[in-house]
Amino acid sequence: FTGLTGEYGGNYGPPTGFCWDAVHCNDEPVQDDPNIFDMNVQSRVDQAVEFAKWQANLTRGAHIMFTMGSDYNYEDAEQWYQNIDRIIHYLNTDGRVNAFYSTPAFYVKEKSKEAVTWPLKTDDFFPYADGPYQFWSGFFTSYPALKRYVRELSGGLQAAKQATAFTSSKSASDPDAGLLPLMKALGLVQHHDAITGTSKQHVASDYAKRLAAGAAAAREHTAVAVARLAGASGDLSFCPLANVSVCGPMGPGNGGEVTVVVWNGLAQEREEILEVPLGFATGVKVTDLFTNKEVPSSTVPALPSITNYGASAGGYAHTALFRAKLPAVGYASFRIEAGAPGAEAAEAAGDEVVENEFLRLRFCAGTGALCEMVDLTSNTTIEVSQDLQYYRASVGNDKDHFDTDAVPTNDVEADELHKKRFMREAGTGVSAQASGAYIFRPNSSTPLRIADKPTLKVVRTEVATEVQQTFGSWASQRWRLAKGQKHVEVTYTVGAIRLEDGWGKEVISRYHTNIKNNGTSYTDSNGREMLKRQRDFRKYWKLEQTEPVAGNYYPLATGMHIGDEKAQLTVLVDAAQGGTGSIRNGEMEIMLHRRCLKDDSRGVSEPLNETQFITPYNQPGLPSGQHYGPGLVIRGTHYLLLTTPKEAAKAWRPLQDRVYVRPQLAFGSGVQVKAPSASFVSEALPANVQLLTLERLSETNLLVRLGHQFGVGEDDELSKPATVDLSKLFKGTVTAVKELSLTANQPRGDVDKKFIDWKVEDDPADIYTKAGDDAGSSITLTPLKIKTFVVSLTAVDTVFV
């Protein structure tokens, strides 16, 4: 801890020597019985006082905090409290330190009363390291399939809340409402050893199973809601396996005609190229059922239809693409029927140039890779190549200082083993640290190529052009440049990662450009602020870099960019990943997949090696938790944009919302709809404001959360404050608007009462000030501000249905 709490040297538990859990730690107790020869009150008090003095020197003010507990603690709570009671009593009797039970809230309140000026920290702590060669930048990508599943379901849940808000008289938190199982599962997976990818694989599988059950219930409930809104003549259903070209309603024998109702969860109209599996034909004709006009469509070869472990998923050979215009917070309907056969992939003949109204890409025949990119709007050109590569995962290179076979049985043994394993002389480059679920440690700063030259095929249609690349036997990519889009989609399929050479591997996508970024890049902080990253540099302390690659990796929740005065290259991701634009000038790399052969000694106690099967963990005398069978295959998409720096945010910020809140497609074979299109807002929100949450709370109350989506100074116009009148947002009579806390668990007024006006060094006038009050239903959002409200209407059902 730093700042208000002082600093524990990397430990978030109790002071060293004062852990009395019995099960996980068993430090010397406070023995105060004079009839026992080992009475130790004075020595224990002296140790506590010395630790308090040491910690007091690392923070400002007179108050410090001992955090008494840690992971899995208080299984034997009585022993804890007996010893805490004694140490508090004897510290106060001694008089040098005043000790008492407290809470974080009370501690912060007392710190705020002190006449102290605090340093102001405006960045984060990434990448964290608990010693030389030990950077916790591996978990940014660990369990990539689970991370992507969570992201996909999170965006889908927001759309489901919207659709069901206008059709159900039940609360969204009602167990019968259908969304609660998914809400619970997504809440559970936010645990710091779940979404991070730092659990054992069988635990991650349990998280995924709960998510799947919740998603199934949510899909069924949402399909009913969407069918009711559209006046569908039959049942609708979603296709959760569309990414592997499986969708029952689009399969053979469906009659050759399918209705698709597409929900848009964004607060602005949008135009998208939608992709659906196609099994009943080799070509399509698509009609907008609101205008009764045919929309541009085409058919392309589908991506390989495989499961997460490489077996055939039984999907269709073709994919239908069509252009769809969708209303804000609403839906549009389309009819898909058999049409003329689509295009097939052709081998590249020389350099291949792919372009639309906004971008031009050139793939060079000599390398089989992208080699040039042009923003046609500004005529900005960069040299750029992209490749799939991998680092070999280090297994540790200091054999004299650790025992690779030793397995700790408790926290005390684990701590001692940790110390033995990681004895080293700083700066030698020699360490026992292995790469694993937490730790990213390549055995070299130079990655290896998966293939010397990928094969290249091209598919050209009136809707989009695709370039297909194959990198050996276990990696491939599809580039898709759609008409009317300012970005190119790069969909990769990686795995199972091969282990025949005896090395674990960390697979990356690397972009090499002639952009002069001088080791500087920007990564997002949970999709909000963009934080500046500089090679081998930390703003608030002097960094002694021991890992030039892992020590420059950062979490990408939504993306990153590099640039110079002429060009900015931005990559958005569809799931949390690790990446960097600061290792080498003009380069970005993003980690896609990981497979390691050693545990990194941070508590998982097994290698990060996702396989289809694992032996049970509780069979005495038999191998425990052994991974075997096929390895994990993952598929994901990156979104690549080239712009001038001035125009960059205007392009990537809205795309960031589109990637997260994807259109939700409900299918019905032979189904007719009475209301083919509808929007449930009176008008679209301003271009820089997004509807982050719309959820039904009761028959007359909606939970509404709005967010300004642009940062300070990112755009001349869109970074300005935006005003929204909530009384005019919905198509009904608004009777009341009440602002809540960000998490919607207390009135805004109660939060204001708790506001602390901290005294900070070099305090900018516009940072950490109390939010201003809004006048009635008209609310103003400053850059990246989020506000939460309960909006009361006369009756939601009668207004919207």
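Just so it is clear, the structure is predicted and the values come from calculations on it, not from any experiment. (Residues numbered from 1 in each chain as written. Predicted model: local features only at pLDDT ≥ 70, side-chain atom pairs only at ≥ 80, totals over all residues. Heavy atoms only, no water.)

Visitor: Any chance you could break down the overall build of the protein chain for me, citing the residues and the numbers?
Guide: Each helix and strand counted, the protein chain has ten helices and 37 strands in total. Relative to its length of 801 residues, the protein chain is compact, with a C-alpha radius of gyration of 29 Å against a globular reference of 28 Å. Dimensions along the principal axes, computed over C-alpha positions, put the protein chain at roughly 95 × 65 × 60 Å. Residues classed as buried in the protein chain amount to 51% of the 801 residues present. Counted over contacts in the protein chain with a minimum sequence separation of 6, partners at least 24 positions apart contribute 72%. (Helix = DSSP H or I, 4+ residues; strand = E, 2+ residues; numbered from the N terminus. Rg over C-alpha atoms; globule rule 2.2 N^0.38 Å. Buried < 20%, exposed > 50% of the residue type's maximum accessible area, 1.4 Å probe, protein only. Contact = heavy atoms within 4.5 Å.)

Visitor: So what about the nonpolar core? Which residues, and what values?
Guide: Judged by nonpolar contacts, the single largest core of 42 residues is most densely connected at Met 373, Trp 479 and Leu 569. The next biggest cluster of nonpolar side chains, apart from the first, holds 40 residues, and it includes Val 226, Leu 229, Leu 726 and Leu 729. (Core = buried A, V, L, I, M, F, W, Y, C linked by side-chain atoms within 4.5 Å.)

Visitor: Tell me about the environment of Thr 67, residues and numbers included.
Guide: With respect to the helices and strands, the residue Thr 67 is situated in the loop between helix H1 (41–56) and helix H2 (77–94). The class for Thr 67 is buried, based on a relative accessible area of 18%. Each C-alpha atom, one on Thr 67 and one on Ala 687, is 45 Å from the other, the two residues being 620 residues apart in sequence. Of note is the side chain of Thr 67, whose polar atom sits 2.7 Å from the backbone oxygen of Gly 13. (Polar contact = N/O pair within 3.5 Å; in protein donor to acceptor, adjacent residues only side chain to side chain.)

Visitor: Pulling in residues and values, what's your account of unusual backbone geometry?
Guide: Pro 127 follows Phe 126 through a cis peptide bond whose omega is -10°. As for its placement among the helices and strands, Pro 127 is situated in the loop between helix H3 (104–113) and helix H4 (144–165). Residue Gly 495 is joined to Ala 496 through a cis peptide bond whose omega torsion reads -10°. Note that Ala 496 resides in the loop between strand E18 (488–494) and strand E19 (505–513). One non-glycine residue, Tyr 143, lies in positive phi territory at about 55°. Positive phi outside glycine occurs at Ala 744, with the angle close to 65°. Within the element layout of this structure, Ala 744 appears in the loop between strand E35 (734–740) and helix H9 (748–753).

Visitor: Help me get a handle on the environment of Arg 335, residues and values and all.
Guide: Structurally, Arg 335 is set in strand E8 (residues 330–338). Considered as a pair, Arg 335 and Val 261 are 74 residues apart in the sequence and their alpha carbons are 8.9 Å apart. When neighbours within four sequence positions are excluded, Arg 335 is seen to be in contact with Glu 257, Val 258, Lys 285, Val 286, Thr 287, Leu 289 and Asn 292.

Visitor: Tell me what's going on with the pairing of strand E4 (residues 284–288), and back it up with residues and numbers.
Guide: Most of E4 is tucked away: four of the five residues are buried. Alignment of E4 against E8, held across five bridges, turns out to be antiparallel. Its bridge partner being in E8, Val 284 is matched across the sheet by Ala 338. Sheet analysis places E4 next to strand E5 (residues 293–295), joined by three bridges and oriented antiparallel. (Pairing = 2+ DSSP bridges.)

Visitor: Give a detailed account of the packing of H1 against H2, specifying residues and quantitative values.
Guide: Packing of H1 against H2 brings their axes to within 10 Å, and their N-to-C directions diverge by 80°. Comparing the axis directions of H1 and H2 gives the class roughly perpendicular. When H1 is examined against H2, the residues Val 41, Gln 42, Arg 44, Val 45, Ala 48 and Val 49 are found in contact with a partner set consisting of Ile 87, Tyr 90, Leu 91 and Asp 94. Taken together, the residues of the contact of H1 with H2 break down into seven nonpolar, one polar and two charged. (Axes fitted to C-alpha atoms, helices over the stretch in contact; angles between N-to-C directions. Parallel < 35°, antiparallel > 145°, perpendicular 65-115°, else oblique. Nonpolar A, V, L, I, M, F, W, Y, C, P; charged D, E, K, R; others polar.)

Visitor: Explain the pattern of salt bridges to me, using residue names and the numbers behind them.
Guide: A complete count under the given rule lists 40 salt bridges for this structure. Notably, a salt bridge pairs Asp 46 with Arg 96, separated by 2.7 Å at the nearest N-O pair. Of this pair, Asp 46 sits in helix H1 while Arg 96 sits in the loop between H2 and H3; the two residues are 50 residues apart in sequence, bridging distant segments of the chain. A salt bridge links Glu 50 to Lys 53; its shortest N-O distance comes to 3.9 Å. You can see Glu 50 and its partner Lys 53 sitting in helix H1, three residues apart, about one turn around the helix. We classify Glu 50 as partly exposed; its relative accessible area is 47%. Counted as one network, the salt bridges with shared partners bring together Glu 275, Glu 466, Arg 478 and Arg 480. (Salt bridge = Lys/Arg side-chain N within 4 Å of Asp/Glu carboxyl O.)

Visitor: Go over the sheet that holds strand E3 (residues 270–278), please, and point to the residues and values.
Guide: Taking strand neighbours across the sheet as the criterion, the three strands line up as E3-E7-E6 in an open arrangement whose pairing is antiparallel. Whereas interior strands pair on both sides, the edge strands pair on one side only; in this sheet they are E3 and strand E6 (297–301). Strand-to-strand twist of the sheet, defined as the mean angle between neighbouring strand axes without regard to direction, takes the value 30°. Looking at chain direction, E6 and strand E7 (residues 318–326) are connected through five bridges and run antiparallel. If you follow Val 300 over to E7, its bridge partner there is Thr 319.

Read these as layout, nothing more, since geometry by itself doesn't imply function.
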